[in-house]
Number of protein chains: 2
Amino acid sequence: MLLSKLFTKTLREGPKDEVAKNASLLVRAGYVDKLAAGIYSYLPLGILVVSNLQKIVREELGKVGAQEIFMPALQPKENWLKTGRWETMDNLYKVTDSEGREFALGPTHEEVVVPLVQKFASSYRDLPLSVYQFQSKFRMELRSKSGLLRGREFLMKDMYSFHKSEDEMRPFYEKMKEVYSQIFKRAGLGEITRITFASGGAFSEFSHEFQAETPAGEDTIYICESCDQAVNREIFKEKMKCPACKSDSGAYREAKAIEVGNIFELKTKFSDAFGMTYKDETGIEQPVIMGCYGIGIGRLMGTIVEALSDEKGIIWPEEVSPFDIHLVGLTAGAKVFYEYYTKKGMRVLYDDRDVSAGEKFADAELMGIPKRLVISGKTLKEEKIEWKDRTTGTITYEKSPL
Amino acid sequence: MLLSKLFTKTLREGPKDEVAKNASLLVRAGYVDKLAAGIYSYLPLGILVVSNLQKIVREELGKVGAQEIFMPALQPKENWLKTGRWETMDNLYKVTDSEGREFALGPTHEEVVVPLVQKFASSYRDLPLSVYQFQSKFRMELRSKSGLLRGREFLMKDMYSFHKSEDEMRPFYEKMKEVYSQIFKRAGLGEITRITFASGGAFSEFSHEFQAETPAGEDTIYICESCDQAVNREIFKEKMKCPACKSDSGAYREAKAIEVGNIFELKTKFSDAFGMTYKDETGIEQPVIMGCYGIGIGRLMGTIVEALSDEKGIIWPEEVSPFDIHLVGLTAGAKVFYEYYTKKGMRVLYDDRDVSAGEKFADAELMGIPKRLVISGKTLKEEKIEWKDRTTGTITYEKSPL
């Protein structure tokens, strides 16, 4: 892509109304635009990041056979009455049409996915199965100052699994821990993301969160010194035995973290609400056991920025970056390098703008593409090219391939 | 994909509450599921169709340099007050949060895109530019019986262009007619889709619709016998001169049609509302001229089904079809053909289920993949393979490639 053609522009300063580092940098660099508190538009560069994250998630979920669907945001009140959440769920936006029909704007999709899957899964032969979607969710946050970390409208991947029994579900749930760990690893957060034991709510002992350690985190976790898994403050007790490795050393390190994903057993809470059962091998109706697995795609993008950026700007992990190479052209001769690397299958952002070298360098740091390639009159003359690694800042020279 | 792994199942009969052919067939074949009137979930096969349509649209819009973004559904009331549409737009869903903030659920995005683009385009150097998105739109339809043709929540591609002058906009607008014609051609509707002159509203003489001729259409158009372009009933007059080819023969053919796309000049209606101007070469502020270009992606999917299906089921055009080949396996030996064609880069749906041949054939007709490949004990023995063309019904035999 030619940077001169991109309609967005970088800003020297973060917007005054953005207190969160993630949104401030993402707005400055032209990835997102704020429409209202907690409500953002994704701009062309942001779309590329989102689609890279979706690709990672699709590939990893494909490994457990999860099937992609897309469910509506407008959800009939009746479905929410069945689960009892029409009145009890905080933060539910409600909409009434001019004939008095009421809808919830979906913050989550149990009320849709259970009656949907129920239509297709009624026998032991149909189970287990799992479905997921990428979708805009809505949550009535009264204050929303954390940029992409806590939105009123936000991009989620939500997934639901359906099983014949808890015994059958358990290995699937454990497998999902690995799948999620792999997703966050590919998204560049592997080293700072801890599997964290959290409250299982009314119906199971624990749920599991994936908490990315960073000072901007709203959550507090206690990381077990023995196994590196963690316990959320909500269930942490001094000197408790580690629920992951069972160590009773009581040695924990407190840290701030952002929840980038969570998985939890729903048991029969929602299948019961809709009377979803299956016929077992002997023809007897049995309850369907469910699990639920969420990743906030927008939040994940915000967390990467929050955790990995430096004072100069964003630093994208390779698989997340909108481009492989940020080509800073300081001479018209740079164009052939754009064509060369594009032809080799690299995704190249070519800064062909008529602005100063300093501005191009600053924008390259701000936009955060992992590899910067500089082509100037000087490098051309010396038949060299200059690479700079965005993470380490290391500059290396190579013989020009052209 | 193995059909035995797909969680959806076909239905013998259309649901009783679906009067529209498009929804009835799409539900029966497992492409969509109805949550409420005018509100559908997309199932795995439906997701494949939508993503094929998106691919066509992205490729064609890329040719005019349009840039993809993604804007929110929750839109602050203030933006809608500025354009005057908070009170005047029919069918606007409105949401109020517990602190009294009001939002519209976007049925269209002028109220978001203008202030967004305004931040980046303030000089003649920044124009022209165009942006588009794929997004769920919301419209408070009180009755909604047309399946995917008229939804309360529906998938749209909307695009907006920004220009320095009407003179500059005109060739772009004409180019968009070609782009849209090409999109509908690739989507399989080329032969039945007519560029149709419609009302331009308060601010221009005409807008242009793309109307797909089919008896189920809610619109009535008059097709000029000379040029094959059409006039919408809302502006048609007996014996009028054709606004497209200027023929005054007065020879028109009346037809029912579904509007699958529309393009219209917005002139300065929305740029004025937000005070969006640009500085021209001499430093003088000038009004920004806008155009707007919509395609209902869900509606397009519904129209294809409505217009091209037969009594046995859906018939997908090649580029829209979720798979290239529907492999009906009547013997375990079919598996190697699944692997063979998949390896060749074909998208193959392999019916490996343990059901009767008749059921497999009926499902293949219903699901509508253009090419059916039958592998049976008999064909294997004769070292042949059997192809059936879904559109023509023609059966041909070939020497087996294996």
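The structure presented is a predicted model; accordingly, all values stated were derived computationally and were not measured.

A. Examining the overall build of chain A more closely. For chain A, the count of helices and strands is 11 helices and 21 strands. Here the C-alpha radius of gyration of chain A, 24 Å, is about what a compact globule of 402 residues would show, namely 21 Å. Buried positions account for 58% of the 402 residues belonging to chain A. Long-range pairs, those at least 24 residues apart, make up 66% of the contacts in chain A between residues at least 6 apart in sequence. Split by element, the accessible area of chain A, about 16,700 Å² in all, is 50% carbon and sulfur. Each charge class in chain A can be summarised by its mean position, and for the 57 positive and 60 negative side chains these summaries are 3 Å apart.

B. Quick look at the relation of the copies chain A and chain B. Of the transformation placing chain A onto chain B, the axial shift is 0.0 Å and the rotation is 180°, giving an RMSD of 0.0 Å. Read as a symmetry element, the transformation amounts to a two-fold axis. Relative to the rotation axis, the closest C-alpha in chain A is found at V95(A), a distance of 2.8 Å. Both copies contact each other with a shared surface, as 100% of the interface residues of chain A are interface residues in chain B too.

C. Main features of the packing of helix α2 (residues 44-62) of chain A against helix α6 (residues 166-186) of chain A. All names here are of chain A. At a closest axis distance of 10 Å, the pairing of α2 and α6 adopts a crossing angle of 155°. Classified by the interaxial angle, the pair formed by α2 and α6 is roughly antiparallel. Our pair here, α2 against α6, has a crossing hand that is right-handed. Side by side, α2 and α6 meet where I56, V57, E59, E60 and L61 of the first sit next to M176, V179, Q182, I183 and R186 of the second. Residues of the contact of α2 with α6, tallied by class, amount to 6 nonpolar, 1 polar and 3 charged.

D. Quick peek at the sheet that holds strand β21 (residues 395-399) of chain B. Residue and element names in this part refer to chain B. Pairing in this open sheet of 5 strands is mixed, and the strands run β18-β17-β19-β20-β21 from one edge to the other. Bordering the open sheet on either side are β18 (348-351) and β21, each of which pairs with just one other strand. Taking each pair of neighbouring strands and ignoring which way they run, the sheet shows an average axis angle of 25°. In the sheet, strand β19 (residues 371-375) pairs with strand β20 (residues 384-389) via 4 bridges, with the strands oriented antiparallel. Bridge pairing in β20 links V374 to E386. Where helix α9 (residues 335-343) meets the sheet, it contacts β17 (325-329), β18, β19 and β20, and its direction lies at approximately 175° from that of β18. Running over the sheet, helix α10 (residues 357-367) touches β17, β18, β19 and β20 and is turned about 170° from β17.

E. Spatial organisation of the sheet that holds strand β17 (residues 325-329) of chain A. All names here are of chain A. Overall, mixed pairing links the 5 strands, which are arranged β18-β17-β19-β20-β21 in an open sheet. Strand pairing shows two members of the sheet lacking a second neighbour, β18 (348-351) and β21 (395-399), which therefore form its edges. On average, each strand axis in the sheet is tilted by 25° relative to the strand beside it, whichever way the strands run. Contacts from helix α9 (residues 335-343) reach β17, β18, β19 (371-375) and β20 (384-389), with the element oriented near 175° to β18. Where helix α10 (residues 357-367) meets the sheet, it contacts β17, β18, β19 and β20, and its direction lies at approximately 170° from that of β17.

F. The nonpolar core, seen in detail. Among the nonpolar cores identified, the biggest contains 70 residues, and F162(A), V113(B) and F162(B) are the most heavily contacted of them. Excluding residues within four positions of it along the chain, F162(A) makes contact with V113(A), V114(A), V117(A), L127(A), P128(A), L129(A), V131(A), E168(A), M276(A), V288(A), I289(A) and M290(A).

G. Looking closely at the side chain of K34(A). Along the chain, the position of K34(A) falls in strand β1 (residues 32-36). Leave out the neighbours within four places in its chain, and K34(A) touches D17(A), E18(A), I39(A), Y40(A) and K119(B).

H. Structural detail: the interface of chain A and chain B. Taken together, the contact pairs 53 residues of chain A with 53 residues of chain B. Taken together, the two surfaces of chain A and chain B that pack against each other cover about 4,600 Å², and 65% of this comes from carbon and sulfur. Taken together, the connections running from chain A to chain B amount to 6 salt bridges. Between K119(A) and D33(B) there is a salt bridge whose closest N-O contact spans 2.7 Å. The interface formed by chain A and chain B holds 18 residue pairs in polar contact (both at pLDDT 80 or more) in total.

I. Structural context of the pattern of salt bridges. Enumeration according to the criterion identifies 83 salt bridges over all chains in this entry. Where salt bridges share partners, they join K55(A), E59(A), E60(A), K63(A), R186(A) and E319(A) into one cluster.

So, how was this worked out
- Residues numbered from 1 in each chain as written.
- Chains lettered and ligands numbered in written order.
- Predicted model: local features only at pLDDT ≥ 70, side-chain atom pairs only at ≥ 80, totals over all residues.
- Heavy atoms only, no water.
- Helix = DSSP H or I, 4+ residues; strand = E, 2+ residues; numbered from the N terminus.
- Rg over C-alpha atoms; globule rule 2.2 N^0.38 Å.
- Buried < 20%, exposed > 50% of the residue type's maximum accessible area, 1.4 Å probe, protein only.
- Contact = heavy atoms within 4.5 Å.
- Areas by Shrake-Rupley, 256 points an atom, 1.4 Å probe, with all protein chains shown as cover.
- Lys, Arg positive; Asp, Glu negative; His and termini not counted.
- Charge placed at Lys NZ, Arg CZ, Asp CG, Glu CD.
- Least-squares fit on C-alpha atoms with pLDDT ≥ 70 in both.
- Axes fitted to C-alpha atoms, helices over the stretch in contact; angles between N-to-C directions.
- Parallel < 35°, antiparallel > 145°, perpendicular 65-115°, else oblique.
- Left-handed = near helix turned anticlockwise from the far one by under 90°.
- Nonpolar A, V, L, I, M, F, W, Y, C, P; charged D, E, K, R; others polar.
- Pairing = 2+ DSSP bridges.
- Core = buried A, V, L, I, M, F, W, Y, C linked by side-chain atoms within 4.5 Å.
- Buried area = accessible area lost by both parts, 1.4 Å probe.
- Salt bridge = Lys/Arg side-chain N within 4 Å of Asp/Glu carboxyl O.
- Polar contact = N/O pair within 3.5 Å; in protein donor to acceptor, adjacent residues only side chain to side chain.

By themselves, these figures tell us nothing about what the structure is for.
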